[in-house]
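Residue strings, one per chain:
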Amino acid sequence: MTSISSRRLRKELTEIQTEGCPTGITLLSADNFETWYFSIEILGESLYQGEVFKLMFRFDSSYPISAPAVQFVVNQESTAPVHPHVYSNGHICASILGTEWSPVLSVSAVCVTLQSMLASCKSKERPVDNDRYVRYAPDNPKKTRFHYDGK
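Residues numbered from 1 in each chain as written. Predicted model: local features only at pLDDT ≥ 70, side-chain atom pairs only at ≥ 80, totals over all residues. Heavy atoms only, no water.

As annotated in an unreviewed UniProt entry, the chain carries the name Ubiquitin-conjugating enzyme/RWD-like protein and is attributed to Suillus discolor.

This is the structure we're talking about:
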């Protein structure tokens, strides 16, 4: 991990530990500067009201210049939300994790954006190409070139 990446992650982690996470978001673990886990609860009236999901952030040495790999955890205890931009393997099609990434974005900002994306959802459905994508998807969602149509 480069010193720039480590310094930035140390700064973000210190802010989370001293100021706390935004409402509905909880840091579950950040034992190193490679992988962090958060829970994200959708608050207010929405299709996901009261549901809690687990997010995994993976950082490489080019963070924050490049986006972290972010996905919902899918295992025996956790599932990905059923959402038009979330695949059943937990991969997320969101422009801020790809072409719209900016180094000024933080881990907390990404969590809030994903929380808002879920809260504003109008119908619980998978992406139309879910089965095909999941069958051939790479382990790291950053290796996917998603098409962002703004819907």
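**Q** It is not clear to me how the pairing of strand β3 (residues 52–58) should be interpreted in this structure. Could you clarify?
**A** In regular strands, side chains alternate between the two faces of the sheet. Pairing of strand β2 (residues 35–41) with β3, which is carried by seven bridges, proceeds in the antiparallel orientation. Among the inter-strand pairings, Ser 39 is bridged to a residue of β3, identified as Lys 54. By the bridge criterion, four bridges tie β3 to strand β4 (residues 69–72) in an arrangement that is antiparallel. Considered in β4, the bridge of Arg 58 is made with Ala 69. (Pairing = 2+ DSSP bridges. Helix = DSSP H or I, 4+ residues; strand = E, 2+ residues; numbered from the N terminus.)

**Q** How do you make sense of the sheet that holds strand β1 (residues 25–29) when you look at a structure like this?
**A** Paired through backbone hydrogen bonds, the strands of a sheet run either parallel or antiparallel to each other. In space, the four strands of this open sheet follow the order β1-β2-β3-β4, with antiparallel pairing throughout. The open sheet is flanked by β1 and β4, the only strands paired with a single partner. Taking each pair of neighbouring strands and ignoring which way they run, the sheet shows an average axis angle of 25°. Packing against the sheet, helix α1 (residues 3–19) makes contact with β1 and β2, and its axis sits at approximately 35° to β2. Along the sheet face, helix α2 (residues 107–119) touches β1, β2, β3 and β4 and points at about 35° away from the line of β2. (Axes fitted to C-alpha atoms, helices over the stretch in contact; angles between N-to-C directions. Contact = heavy atoms within 4.5 Å.)

**Q** Honestly, the side chain of His 91 in this entry has me stumped. Any pointers?
**A** Residue placement: His 91 occurs in the loop between β4 and α2. A relative accessible area of 2% places His 91 in the buried class. A distance of 3.5 Å separates the side chain of His 91 from the backbone oxygen of Asp 139, its partner in a polar contact. (Buried < 20%, exposed > 50% of the residue type's maximum accessible area, 1.4 Å probe, protein only. Polar contact = N/O pair within 3.5 Å; in protein donor to acceptor, adjacent residues only side chain to side chain.)

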